[in-house]
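One letter stands for each residue in the lines below.
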Amino acid sequence: MIVLKDITKIYDLGKGSSLTAVHEINLEICRNEFAVLVGRSGSGKTTLLNLAAGLTRPTSGQVCVDGVDLWTLNDQQQSALRNKKIGFVFQFPSLLPALTVYENVLMPASFTAEQRPNEVHERVLAMLDSVGLSQKLDAYPRQLSAGQQQRVVVARALMNRPEIILADEPTSNLDEKTELEIMDLLHDLHVRLGLTILLVTHTTQLVTAEIRKIEMAEGQIVNQSAAAVNA
Ligand code: ADP
Ligand code: MG
């Protein structure tokens, strides 16, 4: 589903200095896989996730999403592919404070053409229902708990029926119990909707052993657990 081939990302820091954030990584995330990226701060996790999303251009190497080489597309084709295939869950907080829960979840649909208003409306309701927040349509983000807000972010990420969810530390700033709830929710969606998920987390307590764990250090993958199917 996502294939990174020999990916390197070097940031130019100016004055002739540079920093290698990701070094010659090869990684394949299969369809319907739930993978987590772990590693210390500064190890290159966010950079790798942004590379997988096509949000950062690699210095060298290839990024393919569902068989399409992202950097052979023009800007417009690339963002169309992203809108269609990928839902993003960024670090908390990422809701727009002046919009209600309903309006926040509606947002991604406004970037896609040809959607019937009725369908979109039903879809917002369905998405909020799937994260257990049907009661909070008209609330503003500040009126919700941190965990509820992050559920709204998940609902928003699902709005365009993506096949892939990319999440960068979606549970940081949450207490442990809420954190596990969000992980559970993502896992549940992964199972129910067959979503492919790549998630950066610092949580060591993972919901199930079937989750593949990829550990980064200094821009490289240093450890990987294969998904333990029978565990
Ligand atoms: P992580 O998410 O694991 O904390 P990052 O991918 O954010 O790691 O960062 C990896 C390295 O790249 C760090 O040393 C960081 O300072 C550097 N870095 C990240 N983004 C940029 C940028 N836009 N410009 C320059 N250096 C960056
Ligand atoms: Mg990061």
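Below or above, wherever it landed, is the structure these notes cover. The structure presented is a predicted model; accordingly, all values stated were derived computationally and were not measured. (Residues numbered from 1 in each chain as written. Chains lettered and ligands numbered in written order. Predicted model: local features only at pLDDT ≥ 70, side-chain atom pairs only at ≥ 80, totals over all residues. Heavy atoms only, no water.)

**Observations concerning the overall build of the protein**
Helix and strand counts for the protein come out as 6 helices and 10 strands. Computed over C-alpha atoms, the radius of gyration of the protein comes to 18 Å, within 12% of the 17 Å expected from 2.2 N^0.38 for 231 residues, which places it in the range of a compact globule. By principal-axis analysis of the C-alpha atoms, the protein measures approximately 50 × 40 × 40 Å. Burial analysis of the protein (231 residues in total) assigns 47% to the buried set. Pairs at least 24 residues apart make up 68% of the contacts formed inside the protein by residues separated by at least 6 positions. Of the roughly 11700 Å² of accessible surface on the protein, a fraction of 49% belongs to carbon and sulfur atoms. Across the protein, 21 positive and 26 negative side-chain charges occur, with their mean positions spaced 3 Å apart. (Helix = DSSP H or I, 4+ residues; strand = E, 2+ residues; numbered from the N terminus. Rg over C-alpha atoms; globule rule 2.2 N^0.38 Å. Buried < 20%, exposed > 50% of the residue type's maximum accessible area, 1.4 Å probe, protein only. Contact = heavy atoms within 4.5 Å. Areas by Shrake-Rupley, 256 points an atom, 1.4 Å probe, with all protein chains shown as cover. Lys, Arg positive; Asp, Glu negative; His and termini not counted. Charge placed at Lys NZ, Arg CZ, Asp CG, Glu CD.)

**A look at the site of ligand 1**
Close contacts around ligand 1 come from Y11, L13, L19, A21, R40, S41, G42, S43, G44, K45, T46 and T47, and that covers them all. With respect to ligand 1, the side chain of Y11 contributes an N or O atom lying 3.4 Å from a nitrogen atom. Here an oxygen atom of ligand 1 and a backbone polar atom of S43 are 3.2 Å apart. When ligand 1 is considered free in solution it has 560 Å² of accessible area, and contact with the protein chains removes 62% of it. (Near = heavy atom within 4 Å. Polar contact = N/O pair within 3.5 Å; in protein donor to acceptor, adjacent residues only side chain to side chain.)

**Observations regarding the pairing of strand β7 (residues 164-168)**
Taken across its 5 residues, β7 has 5 buried, putting it largely inside the fold. Residues I164, L166 and D168 point to one face of β7 and I165 and A167 to the other, with burial holding for every one of them. Pairing between strand β6 (residues 86-89) and β7: 4 bridges, direction parallel. Bridge pairing links I86 to I164 in β7. Across 5 bridges, the pairing between β7 and strand β8 (residues 196-200) is parallel. Bridge pairing in β8 places I165 opposite I197. Handedness of the β-α-β unit built from β7, helix α6 (residues 176-193) and β8 comes out right-handed. (Pairing = 2+ DSSP bridges. Right-handed = clockwise from strand over helix to strand, strands pointing away.)

**What about the sheet that holds strand β3 (residues 34-38)?**
Read across the sheet, 6 strands follow the order β6-β7-β8-β3-β9-β10 without closing on themselves; strand pairing throughout is mixed. Each edge of the open sheet carries a strand with a single partner, namely β6 and β10 (220-225). Each adjacent strand pair in this sheet contributes to an overall mean axis angle of 20 degrees, direction not counted. Strand direction decides the pairing type here: β3 and β8, joined by 4 bridges, are parallel. Residue A35 lies in a different strand from β8, and its bridge partner there is L198. Of the strands in this sheet, β3 and β8 are in contact with α6, which crosses β8 at around 160 degrees. (Axes fitted to C-alpha atoms, helices over the stretch in contact; angles between N-to-C directions.)

**Concerning the sheet that holds strand β5 (residues 68-69)**
The strand order β2-β1-β4-β5 describes an open sheet built from 4 strands, whose pairing is antiparallel. Looking at strand neighbours, the two that pair on one side only are β2 (17-29) and β5, the edges of this open sheet. Sheet contacts for helix α1 (residues 45-53): β1 (2-14), β2 and β4 (60-65); angle to β1, the most-contacted strand, approximately 120 degrees.

**Details of the packing of aromatic side chains**
Counted by the stated rule, this structure contains 1 aromatic pair. Measuring from ring centre to ring centre gives 5.5 Å for F88 and F90, while their planes differ by 5 degrees; the resulting arrangement is stacked. (Phe/Tyr/Trp six-rings, centres within 6.5 Å; stacked < 30°, edge-to-face > 60°.)

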